[in-house]
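Below, each chain spelled out in residue letters.
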Amino acid sequence: MAALNILRRSETAPEPGAQAEVRQFLTFQLAGETFAIGILRIREILEYIKPTSVPLMPPFIRGVMNLRGAVVPVIDLSLRFGRDETAINRRTCIVIIEMEYDEQWQLIGVLVDTVHEVLAIPDSEIEPPPQFGSKIRVDFISGMARIDNRFVVMLDVDKVLSVGEMSLLSELSRQEEAQEE
């Protein structure tokens, strides 16, 4: 896997006296679109390892993996967004993200098509999320950044990977399985 590059974006100079905060984001591809997650939440990036499936889980939870003794759930972001399952190829990666839940840190793996690079993006270049026309839930989007004449969707990982919401969806999935029997 190639090394990640940090690019500085400073096409617009900040006004005198105004200090624009610059944050770093990991960009990745998912179903033909580019998304980004704040780098401070990323623990590591792994080559794809087939997760162990767990029965009675919602379809977007592909299973669990062993990460140095820790059990880490693997989420298929494409399925989480209501799209088709991610096709596994040689560039498919699992991005390990740190999430806080009940005052404890938990690791969650996110399945993506390919990882691109780390970008340093000033807050001044991030626009609010669109209120319509998005192919994913609006509350999953924290903003949009224009990079090289295209938009990058900035994800709100606290909403996308809400452990509470995913637990609720898992329980609903179990109830549906029980009703079908």
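Nothing here was measured: the structure is a model prediction, and the numbers come from that model. (Residues numbered from 1 in each chain as written. Predicted model: local features only at pLDDT ≥ 70, side-chain atom pairs only at ≥ 80, totals over all residues. Heavy atoms only, no water.)

1. Structural notes on the overall build of the chain
What counts here: Helical segments are the DSSP runs of H or I of at least four residues, strand segments are the runs of E of at least two, and each set is numbered from the N terminus. Think of it in three bands: with a 1.4 Å probe and only protein chains considered, a residue is buried below 20% of the maximum accessible area for its type, exposed above 50%, and partly exposed in between. Whether two residues are in contact is decided by their heavy atoms: any pair within 4.5 Å suffices. Surface accessibility follows the Shrake-Rupley procedure with a 1.4 Å probe radius. Residue values consider only the protein chains on display as shielding.
For the chain, the count of helices and strands is 3 helices and 12 strands. Considering the chain as a whole, with its 181 residues, one finds that 43% of them fall into the buried category. At a minimum sequence separation of 6, the contacts of the chain that also span at least 24 residues come to 59%. In the structure as shown, the chain presents an accessible area of about 10,700 Å², 50% of it carried by carbon and sulfur atoms.

2. Things to note about unusual backbone geometry
For Arg-68, which is not glycine, the phi dihedral falls at a positive 50°. The residue Arg-68 is located in the loop between β5 (61-67) and β6 (70-76) in this model. In this structure Arg-68 comes out as exposed when scored by relative accessible area, which is 64%. Its identity as a non-glycine residue notwithstanding, Asp-148 has a phi of 50°, on the positive side. Within the element layout of this structure, Asp-148 appears in the loop between β11 (141-147) and β12 (150-155).

3. A word on the confidence of the model for the chain
We count it as follows: What pLDDT expresses is the predictor's confidence in each residue, scored from 0 to 100.
Confidence in the prediction for the chain averages 81 pLDDT; 75% of positions are at 70 or higher. Counted against residues more than four places away or in other chains, residues 1-14, with its pLDDT under 50, gives 29 contacts.

4. Side note on the sheet that holds strand β4 (residues 42-47)
The line we're drawing: Only strands that DSSP links by at least two bridges are regarded as paired with each other. Axis lines are fitted through C-alpha atoms, for helices just across the contact stretch, and the angle between N-to-C directions can take any value from 0 to 180 degrees.
Across the sheet, which stays open at both edges, the 5 strands sit in the order β4-β7-β8-β6-β5 with mixed pairing between neighbours. Of all strands in the sheet, those bounded by a partner on one side alone are β4 and β5. The sheet shows a mean angle of 30° between the axes of neighbouring strands, direction not considered. Relative to strand β7 (residues 93-101), β4 is paired through 5 bridges, and the arrangement is antiparallel.

5. Quick notes on the pattern of salt bridges
Two side chains that carry opposite charge are able to pair once their charged atoms sit near each other. Counted only if it meets this: Salt bridge, as used here: a side-chain nitrogen of Lys or Arg that lies within 4 Å of a carboxyl oxygen of Asp or Glu.
Overall, the coordinates contain 7 salt bridges when judged by the stated rule. Its salt-bridge partner being Lys-159, residue Asp-156 comes within 3.9 Å of it at the nearest N-O pair. By relative accessible area, which is 39% here, Lys-159 ends up partly exposed.

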